[in-house]
Amino acid sequence: MCHSLSLIEDSVAPDNKNKELTSEQIIKIIRQLPRNTLITFTGGEPFLRKDMVDILTSACKGYKCHIITNGTLVDEKTVYSLIELRSRSLITPGLMMVGISIEGPEEVHDEIVAKKGSFQKAISVIKLIQKQKEHLRSRYPTIHLTTVITSKSAPHLNFIYSLAKDLKLDYCNFVLENTSVFSRDRQINNFSPLYQSPSSSSKVDQELLRTQLDCLEGLASNNTTPRIRFSPIKISHREIIRHYSTGLDPKDYKCYAPWSKIGFSAFGDVICCPHIKIGNAVENNYDTLWNSLPYKTFREKLKKEKSFPCCSGCCHSEYVGGK
């Protein structure tokens, strides 16, 4: 998705692969989190882990959970497991949401993800989940399609929304591309990389993008489902077009992520956002890291800056229109 591609080289490097956390270590970390936490499992592709269902099962016992997948490694047995883990209501723990990445029509999607048959596999997974939900008369887990807007996917935004509508999904997410390069070695005491603007995003024809966005607005009028969500939060069509032409002004955005979110990589790295590592979950517990002086220092720095140049298009940010 928007950030994951920048991490692939680290994720598959042989010397790092053997250092991934065990399921027992991951479950131990999860049990340190506050009970009202919403846990999102993402990647890369979370189901590359053979023990992903076991980890999700443990998490769903005490927390609301959300998982994002491309669907290619989800078989029928896994779908049944996801349905069994569903939340029974808005206030109870369990699997609340499943996100499926779709980047365009079949040929376009398969080309972008570089694997033939990926589109049909993802659609079959969605249909099977929907069938089981209907059989159980269950609202949960809700399902959203998520698309990163690029030069290849931009001409097909309306197709993606129509597909989500045909599949009777709950949400359709459109995420801006962020081309910043992330490193697992980046430490919280080094702020200089935050001031480096990312390389140019995909150039998208302004009129094409404007037409697609205007059509989306018409298709999704009157609060119909699926609901459309854009990231960054509260971003306007004008700003989306600007991102793919001249670029965004970081002063028009603000980030609250370090006050409400914390991330854990497959290797135990603890991150306050995709850009900054604040420690390791094996070496320090959650409370120690959340309340650490370096994290507080970063919050103060971000409070002053509101957003950094490298954060352009980041889904954790919020458009504030220069306020």
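Notes on the structure follow. This structure is a prediction, so every number in the text was calculated from the model and none was measured.

1. Looking at the overall build of the chain
The helix and strand inventory of the chain stands at 13 helices and eleven strands. Buried residues in the chain amount to 51% of all 323 residues. A separation of at least 24 residues holds for 75% of the contacts in the chain among residues at least 6 apart in sequence. Counting every atom, the chain has about 16400 Å² of accessible surface; 52% of that belongs to carbon and sulfur.

2. Looking at the sheet that holds strand E4 (residues 142–149)
As summarised here, the arrangement of the six strands in space is E1-E2-E3-E4-E5-E6, forming an open sheet in which the pairing is parallel. Because the sheet does not close on itself, it has two edges, and the strands there are strand E1 (38–41) and strand E6 (227–231). Strand-to-strand twist in this sheet, taken as the mean axis angle between neighbours without regard to direction, amounts to 20 degrees. The pairing of strand E2 (residues 64–69) with strand E3 (residues 94–101) spans six bridges and is parallel. Bridge pairing in E3 places His66 opposite Met97. Packing against the sheet, helix H7 (residues 118–136) makes contact with E3 and E4, and its axis sits at approximately 155 degrees to E4.

3. Topic: the packing of helix H8 (residues 157–166) against helix H9 (residues 206–219)
Where H8 meets H9, the axes come as close as 8 Å, and the angle between the chain directions of the two elements is 25 degrees. By the criterion of interaxial angle, the relationship of H8 to H9 is roughly parallel. Each of Leu157, Asn158, Tyr161 and Ser162 in H8 lies in contact with H9, whose residues at this interface are Leu209, Gln212, Leu213, Cys215, Leu216 and Leu219. Grouping the constituent residues of the contact of H8 with H9 by class yields seven nonpolar, three polar and no charged.

4. Description of the packing of aromatic side chains
Counted according to the given criterion, the structure contains six aromatic pairs. Residues Tyr195 and Phe308 carry aromatic rings whose centres are separated by 5.4 Å and whose planes lie at 85 degrees to one another, so their mutual orientation is edge-to-face. Separated by 113 residues along the polypeptide, Tyr195 in the loop between strand E5 (171–176) and H9 and Phe308 in the loop between helix H13 (293–305) and strand E11 (317–319) bring together distant segments of the chain. Summarising the aromatic geometry, the rings of Tyr286 and Trp290 are spaced 5.9 Å apart at their centres and angled 25 degrees between planes, so their arrangement reads as stacked. Here Tyr286 pairs with Trp290, and both are found in helix H12 (residues 286–290), just four residues apart, close to one helical turn. Of the two residues, Tyr286 and Trp290, both sit in the buried class. Taken together, the aromatic side chains of Tyr195, Phe298 and Phe308 make up a single cluster linked through ring pairs.

5. Brief notes about the packing of helix H6 (residues 106–113) against H7
At a minimum axis distance of 8 Å, the contact between H6 and H7 shows a crossing angle of 110 degrees. With respect to H7, the axis of H6 lies roughly perpendicular. Contacts between H6 and H7 involve Glu106, His109, Asp110 and Val113 from the first element and Ser118, Phe119 and Gln120 from the second. Considered class by class, the residues forming the contact of H6 with H7 number two nonpolar, three polar and two charged.

6. Things to note about the pattern of salt bridges
Applying the stated rule across the entire model yields eleven salt bridges. We note a salt bridge from Lys277 to Asp269, for which the minimum N-O separation is 3.4 Å. The class of Lys277 is buried, set by a relative accessible area of 17%. It is possible to trace a salt-bridge network through shared partners that takes in Arg238, Glu239, Arg242 and Asp252.

7. A word on the layout of surface pockets
Considered as a void within the structure, the second largest pocket measures approximately 260 Å³ in volume. Lining the second largest pocket are 21 residues; nearest its centre among them are Pro198, His243, Gly247, Leu248 and Ser312. Of the residues in the lining of the second largest pocket, the class split is seven nonpolar, twelve polar and two charged.

8. With respect to the pairing of E4
Of all eight residues making up E4, eight are buried, and the element is well covered by its neighbours. Every second residue of E4 is oriented toward a common face, with Thr142, His144, Thr146 and Val148 on one face and Ile143, Leu145, Thr147 and Ile149 on the other, all of them buried. Two strands pair when backbone bridges link them, and E3 and E4 are joined in this way by five bridges, in the parallel orientation. Looking at the pairing, Val98 lines up with Ile143 of E4. In the sheet, E4 pairs with E5 via six bridges, with the strands oriented parallel. Counterpart to Leu145 in the pairing with E5 is Cys172. For the segment spanning E4, H8 and E5, crossover handedness is right-handed.

9. Quick notes on H7
Taking 1.5 Å as the rise per residue, H7 with 19 residues should run 27 Å; its terminal C-alpha atoms sit 27 Å apart, in good agreement. Burial in H7 covers these residues: Ser118, Phe119, Ala122, Ile123, Val125, Ile126, Leu128, Ile129, Gln130, Gln132 and Lys133. Tucked inside the fold, the buried residues of H7 contact helix H5 (76–84), E3, H6, E4 and H8.

10. What about the environment of Ser124?
Within the fold, Ser124 resides in helix H7. The class for Ser124 is partly exposed, based on a relative accessible area of 37%. Distance in space between the C-alpha atoms of Ser124 and Glu76 is 9.6 Å, their sequence separation being 48 residues.

Scoring rules and cut-offs
Residues numbered from 1 in each chain as written. Predicted model: local features only at pLDDT ≥ 70, side-chain atom pairs only at ≥ 80, totals over all residues. Heavy atoms only, no water. Helix = DSSP H or I, 4+ residues; strand = E, 2+ residues; numbered from the N terminus. Buried < 20%, exposed > 50% of the residue type's maximum accessible area, 1.4 Å probe, protein only. Contact = heavy atoms within 4.5 Å. Areas by Shrake-Rupley, 256 points an atom, 1.4 Å probe, with all protein chains shown as cover. Pairing = 2+ DSSP bridges. Axes fitted to C-alpha atoms, helices over the stretch in contact; angles between N-to-C directions. Parallel < 35°, antiparallel > 145°, perpendicular 65-115°, else oblique. Nonpolar A, V, L, I, M, F, W, Y, C, P; charged D, E, K, R; others polar. Phe/Tyr/Trp six-rings, centres within 6.5 Å; stacked < 30°, edge-to-face > 60°. Salt bridge = Lys/Arg side-chain N within 4 Å of Asp/Glu carboxyl O. 1 Å grid on protein atoms, 1.4 Å probe; cavity = no way out; pocket = protein on both sides within 12 Å on 5 of 7 lines; lining within 4 Å. Points joined across faces, edges and corners; volume = space filled by probe spheres on them. Right-handed = clockwise from strand over helix to strand, strands pointing away. Expected span 1.5 Å × (residues − 1).

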